[in-house]
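# A closer look at the structure
Read off the chains here:
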Amino acid sequence: DTGVSQDPRHKITKRGQNVTFRCDPISEHNRLYWYRQTLGQGPEFLTYFQNEAQLEKSRLLSDRFSAERPKGSFSTLEIQRTEQGDSAMYLCASWTGPYNEQFFGPGTRLTVL
Amino acid sequence: DQQVKQNSPSLSVQEGRISILNCDYTNSMFDYFLWYKKYPAEGPTFLISISSIKDKNEDGRFTVFLNKSAKHLSLHIVPSQPGDSAVYFCAASEDNTDKLIFGTGTRLQVFP
């Protein structure tokens, strides 16, 4: 499979619980991005990695959110103490250049009850 | 502050006709622009892009036009097909290595 994969595809959790999502980028892509999309909006940037280094974080990424890419391959996004406002589609994308054509995974839909 | 705007939330076009989707931006530092198509329950799929040094780029039925002075770009689909029915997002970045800023999308419906 040559595409970006994300797991799980759907997650339902109760408010206050912690959740973790995984993204596996296209294997030769060294940049990995996380976005969040809510209903009626376009994807919004959260953070990105160049190999294992996290280079930028959006102000949308509160201290309850943490992302890692430990070996420069797959990445995880963890949300602690989830809130109902965290309900959204979480999208992962990867890129290797030279142009900024990012390739997206299918997303993880999070529902916080 | 919405830096990328898609003012038409929806567009309905007859099969075989041209579909024109519009996008405006406010940040003059944007130098790369992209269009993505999104079906429900899937991630966005890259369609076509254009650098700020060009004013037109074609790929099959899809053409993107860029008017830098007006800070406006458009996507033309000719001829439109029912399979083109999806939500289309315009996106921009400040250089070819940065995050994408997306518009709110336009839902295109192509009817027979």
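Here the structure is a predicted model, which means the values were calculated and not measured. (Residues numbered from 1 in each chain as written. Chains lettered and ligands numbered in written order. Predicted model: local features only at pLDDT ≥ 70, side-chain atom pairs only at ≥ 80, totals over all residues. Heavy atoms only, no water.)

Turning to unusual backbone geometry, a few remarks are in order. Going from Asp7(A) to Pro8(A), the amide bond is cis rather than trans, its omega being -5 degrees. Backbone torsion omega between Val78(B) and Pro79(B) reads -15 degrees, so that peptide bond is classified as cis. Inspection of the secondary structure puts Pro79(B) in the loop between β8 (72–77) and β9 (86–93). The backbone phi angle of Arg81(A) is positive, close to 50 degrees, even though this residue is not glycine. Assignment of secondary structure puts Arg81(A) in the loop between β8 (75–79) and β9 (88–95). Its relative accessible area of 43% is what places Arg81(A) among the partly exposed residues. A positive phi angle is found at Ala41(B), which is not glycine, with a value near 65 degrees. As for its position among the elements, Ala41(B) is in the loop between β4 (32–38) and β5 (45–51). (Helix = DSSP H or I, 4+ residues; strand = E, 2+ residues; numbered from the N terminus. Buried < 20%, exposed > 50% of the residue type's maximum accessible area, 1.4 Å probe, protein only.)

For the rest of this paragraph, the subject is the sheet that holds strand β1 (residues 4–5) of chain B. Pairing between the strands of a sheet comes from backbone hydrogen bonds, and it takes one of two forms, parallel or antiparallel. Residue and element names in this part refer to chain B. Spatial strand order, β1-β3-β8-β7-β6: five strands in an open sheet with antiparallel pairing. Edge positions in the open sheet fall to β1 and β6 (56–59), since each of these has one partner strand only. As paired strands, β1 and strand β3 (residues 19–25) are joined by two bridges and run antiparallel to one another. Each bridged residue has a counterpart across the sheet, and for Val4 the counterpart in β3 is Tyr25. (Pairing = 2+ DSSP bridges.)

Once that is clear, we can look at the nonpolar core. Ranked by internal contacts, the top residues of the largest apolar core, which has 24 residues, are Phe33(B), Trp35(B), Leu73(B), Leu75(B) and Tyr88(B). Residue assignment for this core shows that the elements contributing at least two residues are β3, β4, β5, β7 (62–67), β8, β9 and β11 (106–111) of chain B. Considering each element in turn, this core owes the most residues, four residues, to β9(B). If we skip the residues at most four places from it in the chain, Leu75(B) touches Ser19(B), Ile20(B), Leu21(B), Trp35(B), Leu47(B), Ile48(B), Phe62(B), Thr63(B) and Tyr88(B). Counting residues in each nonpolar core, the second largest holds 19 residues, with Phe65(A), Leu77(A), Ile79(A) and Cys92(A) among its members. (Core = buried A, V, L, I, M, F, W, Y, C linked by side-chain atoms within 4.5 Å. Contact = heavy atoms within 4.5 Å.)

Attention shifts here to the pairing of β4(B). All names here are of chain B. The buried count for β4 comes to seven of seven residues, which makes it a mostly enclosed element. Side chains Tyr32, Leu34, Tyr36 and Lys38 project from β4 onto one buried face, and the interleaved Phe33, Trp35 and Lys37 project onto a second face that is buried too. Across six bridges, the pairing between β4 and β5 is antiparallel. Paired with Lys37 across the two strands is Thr45, which belongs to β5. Connecting the antiparallel pair β4 and β5 is a turn made up of six residues, with Ala41 showing a positive phi of about 65 degrees. Summarising the sheet, β4 and β9 pair through seven bridges and their orientation is antiparallel.

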